[in-house]
Amino acid sequence: GNSPTSANPILAGQGADYLYKQLSEFKAAEGKPAIRDNAIMAGMTAILSPEDMRSLAVYFSQQKPKPAAATDEKLVAAGKTLWRKGDFERGIPACAGCHGPAGAGVPAQYPRLAGQYAEYTETQLKNFRTEARSNDPERMMRTIADKLSDKHIKALADYIAGLR
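Quick look at the structure, then. Predicted model, so just to flag it, every value in this text is computed and none were measured.

### With respect to the pattern of salt bridges
Reasoning step 1: Per the stated rule, a full pass over the model turns up seven salt bridges.
Reasoning step 2: Between Glu131 and Arg139 there is a salt bridge; the shortest N-O distance is 2.5 Å.
Reasoning step 3: Here Arg142 and Glu131 are joined by a salt bridge, their closest N and O atoms 4.0 Å apart. Here Glu131 lies in the loop between helix 6 (118-130) and helix 7 (140-146) and Arg142 lies in helix 7, a separation of 11 residues in the sequence.
Reasoning step 4: Using a relative accessible area of 39% as the deciding quantity, one classes Glu131 as partly exposed.
Reasoning step 5: A network of salt bridges, in which partner residues are shared, links Glu131, Asp136, Arg139 and Arg142.

So this is what it looks like as structure tokens:
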């Protein structure tokens, strides 16, 4: 659950319902392609039953996260503003509105982001922006990410890494 590399997410402490949803979306089913396209995860989920995925989700949700850390004070300050207030002029809502003030998320709806590796968060936001990732209900994250510059994304990712 605590990935040793920042290219992979920290799953420890994530909501079980959210983890189950993500595992399910990496798996092709009933002749349809997977909702999330990732060759590594497709291979890992291919043999898992729904019960296996639920068990894994509960297991990871109960682990204690070893959070990442913020690294750049200027990025953190900019990220904090976006997280707490958003950017009204650009139509960017505050991240805290859905993911909570401390980044704990809302199980089954919005993931826990606090302490996530900055590199992983940055990649996911860019994937939402380019629509390489499209498993967000009502296009919510794709719409928001489309309004974020690379600088915004980097600032948010660094701030999120330091959230507790």
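### Notes on helix 3 (residues 50-61)
Reasoning step 1: For helix 3, with 12 residues, the first-to-last C-alpha span of 16 Å sits near the 16 Å given by 1.5 Å per residue.
Reasoning step 2: When we look at burial in helix 3, the residues that qualify are Met53, Ala57 and Phe60. Along the axis of helix 3, the buried residues cluster in a sector spanning 70 degrees; they form a single face.
Reasoning step 3: Those residues of helix 3 that are buried are in contact with helix 1 (16-25).

### What about unusual backbone geometry?
Reasoning step 1: Even without being a glycine, Glu30 presents a positive backbone phi close to 55 degrees.
Reasoning step 2: Structurally, Glu30 can be placed in the loop between helix 1 and helix 2 (39-45).
Reasoning step 3: Since its relative accessible area comes to 76%, Glu30 is described here as exposed.
Reasoning step 4: The backbone of Arg139 shows a phi angle near 60 degrees, a positive value even though the residue is not glycine.

### Section: the packing of aromatic side chains
Reasoning step 1: Within this structure, the stated rule accounts for two aromatic pairs.
Reasoning step 2: Centroid distance Tyr59 to Phe60: 5.4 Å. Interplanar angle 65 degrees. Geometry classified as edge-to-face.
Reasoning step 3: Judged by centre distance (6.2 Å) and plane angle (50 degrees), the rings of Trp83 and Tyr159 are tilted. Of this pair, Trp83 sits in helix 4 (residues 73-85) while Tyr159 is found in helix 8 (residues 150-162), placing the two residues 76 residues apart along the sequence.
Reasoning step 4: When the ring centre of Tyr20 is taken as origin, the NZ or CZ atom of Arg54, which lies over that ring, is 4.0 Å away.

### Some details on helix 8
Reasoning step 1: Helix length check: helix 8, at 13 residues, gives a terminal C-alpha distance of 19 Å against a target of 18 Å (1.5 Å per residue), a fit within 8%.
Reasoning step 2: Against the buried residues of helix 8 lie helix 4 and helix 6.

### Structural notes on the environment of Pro111
Reasoning step 1: On the secondary structure map, Pro111 appears in the loop between helix 5 (96-99) and helix 6.
Reasoning step 2: Linking Pro111 and Gln14, residues 97 residues apart in sequence, is a C-alpha distance of 6.8 Å.
Reasoning step 3: Discounting residues that sit within four places of it in the chain, Pro111 has contacts with Gln14, Tyr18, His99 and Gly105.

### Some remarks on the nonpolar core
Reasoning step 1: By size, the foremost hydrophobic cluster in this structure holds 18 residues, and its most contacted members are Trp83, Leu148, Leu156 and Leu163.
Reasoning step 2: Elements with a contribution of two residues or more to this core: helix 4, helix 6, helix 7 and helix 8.
Reasoning step 3: Counting residues per element, this core draws most heavily on helix 8, at four residues.
Reasoning step 4: Beyond its immediate stretch of four places on either side in the chain, Leu156 contacts Gly79, Leu82, Trp83, Cys95 and Leu148.
Reasoning step 5: Counting residues in hydrophobic clusters, the runner-up holds seven residues, among them Leu19, Leu23, Ala57 and Phe60.

Conventions used here
- Residues numbered from 1 in each chain as written.
- Predicted model: local features only at pLDDT ≥ 70, side-chain atom pairs only at ≥ 80, totals over all residues.
- Heavy atoms only, no water.
- Salt bridge = Lys/Arg side-chain N within 4 Å of Asp/Glu carboxyl O.
- Helix = DSSP H or I, 4+ residues; strand = E, 2+ residues; numbered from the N terminus.
- Buried < 20%, exposed > 50% of the residue type's maximum accessible area, 1.4 Å probe, protein only.
- Expected span 1.5 Å × (residues − 1).
- Arc of directions from axis to C-beta.
- Contact = heavy atoms within 4.5 Å.
- Phe/Tyr/Trp six-rings, centres within 6.5 Å; stacked < 30°, edge-to-face > 60°.
- Lys NZ or Arg CZ within 6 Å of the ring centre and 35° of its normal.
- Core = buried A, V, L, I, M, F, W, Y, C linked by side-chain atoms within 4.5 Å.

Such coordinate-based values are descriptive only and should not be taken to indicate function.
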